Amino acid sequence: MTNTNSIGLFDSGIGGTSIWAAIHALLPAENTIYLADSKNAPYGQKTKDEIIALSIKNTQFLLEQNCKIIVVACNTATTNAIKELRAKYDVPIIGIEPAIKPAAQNSATNTIGILATRGTLNSELFHQTILKFDQTKIVEQIGHHLVTLIENGELESPQMKELLKTYLKPMIESNIDYLVLGCSHYPYLIPQIKKILPKKIKIIDSGEAVARQTKNILQERNNLNSGTQPGKSIFYTNADPKVLEAILKHKHTIIQKDF
Ligand code: DGL
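Residues numbered from 1 in each chain as written. Predicted model: local features only at pLDDT ≥ 70, side-chain atom pairs only at ≥ 80, totals over all residues. Heavy atoms only, no water.

A.B. asks: What's the story with the sheet that holds strand β5 (residues 111-116) in this structure? I'm lost.
C.D. replies: Each strand in a sheet pairs with its neighbour through backbone hydrogen bonds, running either in the same direction (parallel) or in the opposite one (antiparallel). One open sheet holds the four strands; their spatial order is β6-β5-β7-β8, and the pairing between them is parallel. Where the open sheet ends on each side, the last strands, each with one partner, are β6 (137-142) and β8 (202-204). Each strand of the sheet is rotated relative to its neighbour by a mean of 20 degrees, with strand direction disregarded. Here β5 runs beside strand β7 (residues 178-181); their pairing, made up of four bridges, is parallel. Of the residues in β7, the one forming a bridge with Gly113 is Leu179. Helix-sheet contacts for helix α8 (residues 158-173) involve β5, β6 and β7, and the interaxial angle to β5 is about 155 degrees. (Pairing = 2+ DSSP bridges. Helix = DSSP H or I, 4+ residues; strand = E, 2+ residues; numbered from the N terminus. Axes fitted to C-alpha atoms, helices over the stretch in contact; angles between N-to-C directions. Contact = heavy atoms within 4.5 Å.)

Listed below in structure tokens is the structure:
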């Protein structure tokens, strides 16, 4: 049995392409449709109800393209809306959450840092997660403005460098040995972050874990694409496609559409 329908992914913008890249690397034969809702970014500043409404709109769009599984490639949308999405739709829905567990389990200093949006750090789901790791000191930091700068293509601007220094300093002073990137936009900042953090601090994100989870669910349901040709990837954006184009390493089909 083979299922050639696409894996559908959405994010508030271009950040979730870090998740898409992990999925595409693990499952190269799969067709994928990625939706960048950049017009409405950042989600991290919105209310829970607004995030739920946007997540439903995005999921609906992907289901209209017959996607066989939905990957919410956004921590903010996952932590605020995944329950509602799963209650509303029958199709499997994979979420992405900050990788607190591997960081807490492997930390030698018993202190980890997490950089995420306000929407993620204030969510009920995130609070429930950290309760399970109450033996670990967690230094939380909201990444104010980072998503907006990334959406503007400012990965290396002086403002970006200054903000990162300000956000990471208290974590370094607290002796963290793991930094969890709790927003799918942030892996694009790793080169900048590495220039600021001492080498002994490890950086982790959730891309590969989400890719493995997506594969497992498709396998369990006999829904993998067993083809041998590389899958087709289509990217939709409701903003200037140039930003998406710049962040993708290779040339892909990008469609600009108002949704
Ligand atoms: N990529 C989203 C996340 O993972 C960014 C949220 C936002 O738009 O603020 O949280």
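A.B. asks: Looking at this structure, I do not really get the pattern of salt bridges. What am I missing?
C.D. replies: When charged atoms on two side chains of opposite charge get close, those side chains can pair. Tallied over the entire structure, the rule returns five salt bridges. A salt bridge links Glu30 to Lys68; the shortest N-O distance between them is 2.6 Å. Pair noted here: Glu30 is in the loop between α1 (17-26) and β2 (32-36) and Lys68 is in the loop between α2 (48-64) and β3 (69-72), with a separation of 38 residues, a long-range link. In this pair, the class of Glu30 matches that of Lys68, namely buried. (Salt bridge = Lys/Arg side-chain N within 4 Å of Asp/Glu carboxyl O. Buried < 20%, exposed > 50% of the residue type's maximum accessible area, 1.4 Å probe, protein only.)

A.B. asks: Hey, could you run me through the nonpolar core in this one?
C.D. replies: Nonpolar side chains tend toward joint burial in soluble globular proteins. By size, the foremost hydrophobic cluster in this structure holds 44 residues, and its most contacted members are Leu9, Leu146, Leu179 and Tyr186. For this core, the element with the highest residue contribution is α8, accounting for six residues. Setting aside chain neighbours within four positions, we find Leu146 in contact with Leu115, Met160, Leu163, Leu164, Tyr167, Tyr186 and Leu189. Counting 21 residues, the second largest nonpolar core, distinct from the first, contains Cys67, Ile82, Leu85 and Tyr89. (Core = buried A, V, L, I, M, F, W, Y, C linked by side-chain atoms within 4.5 Å.)

A.B. asks: Sorry if this is basic, but what is going on with the packing of α2 against helix α3 (residues 75-88) here?
C.D. replies: Any two packed helices are characterised by the angle at which their axes cross and by the distance between the axes. At a closest axis distance of 9 Å, the pairing of α2 and α3 adopts a crossing angle of 60 degrees. Taken together, the axes of α2 and α3 lie oblique to each other. Note that α2 runs across α3; the crossing there is right-handed. Mapping the contact onto sequence places Lys48, Ile51, Ile52, Ser55, Ile56 and Thr59 in α2 and Thr76, Ala77, Asn80, Ala81, Glu84, Leu85 and Lys88 in α3. Here the contact of α2 with α3 is built from residues that sort into six nonpolar, four polar and three charged. (Parallel < 35°, antiparallel > 145°, perpendicular 65-115°, else oblique. Left-handed = near helix turned anticlockwise from the far one by under 90°. Nonpolar A, V, L, I, M, F, W, Y, C, P; charged D, E, K, R; others polar.)

A.B. asks: Just to check I follow, could you spell out the packing of aromatic side chains for this structure?
C.D. replies: A ring pair, where both rings are aromatic, is described by two values, the distance of the centres and the angle of the planes. This model, assessed by the stated rule, comprises four aromatic pairs. Plain terms: the ring middles of Trp20 and Phe235 are 5.0 Å apart, the flat faces sit at 70 degrees to each other, and that makes the pair edge-to-face. Taken together, the positions of Trp20 in helix α1 and Phe235 in strand β9 (residues 233-237) put the pair 215 residues apart, joining distant regions of the chain. Exposure class is identical for Trp20 and Phe235. Each is buried. (Phe/Tyr/Trp six-rings, centres within 6.5 Å; stacked < 30°, edge-to-face > 60°.)

A.B. asks: Sorry if this is basic, but what is going on with α3 here?
C.D. replies: Within an α-helix, residues lying three or four positions from one another point in the same direction, as the helix has 3.6 residues per turn. Helix length check: α3 (14 residues) gives 19 Å between terminal C-alpha atoms against 20 Å at 1.5 Å per residue, within 8%. Of all the bends in α3, the greatest measures close to 65 degrees and is centred on Ala81. Listed as buried for α3 are Asn75, Thr76, Ala77, Thr78, Thr79, Asn80, Ala81, Ile82 and Leu85. Packed against the buried residues of α3 are β1 (7-11), α2, β3, β4 (93-94), α5 (118-121) and α6 (124-131). (Expected span 1.5 Å × (residues − 1). Bend = angle between axes of the 7 residues up to and from the residue.)

Functional significance is not addressed by these values, which are geometric in nature.
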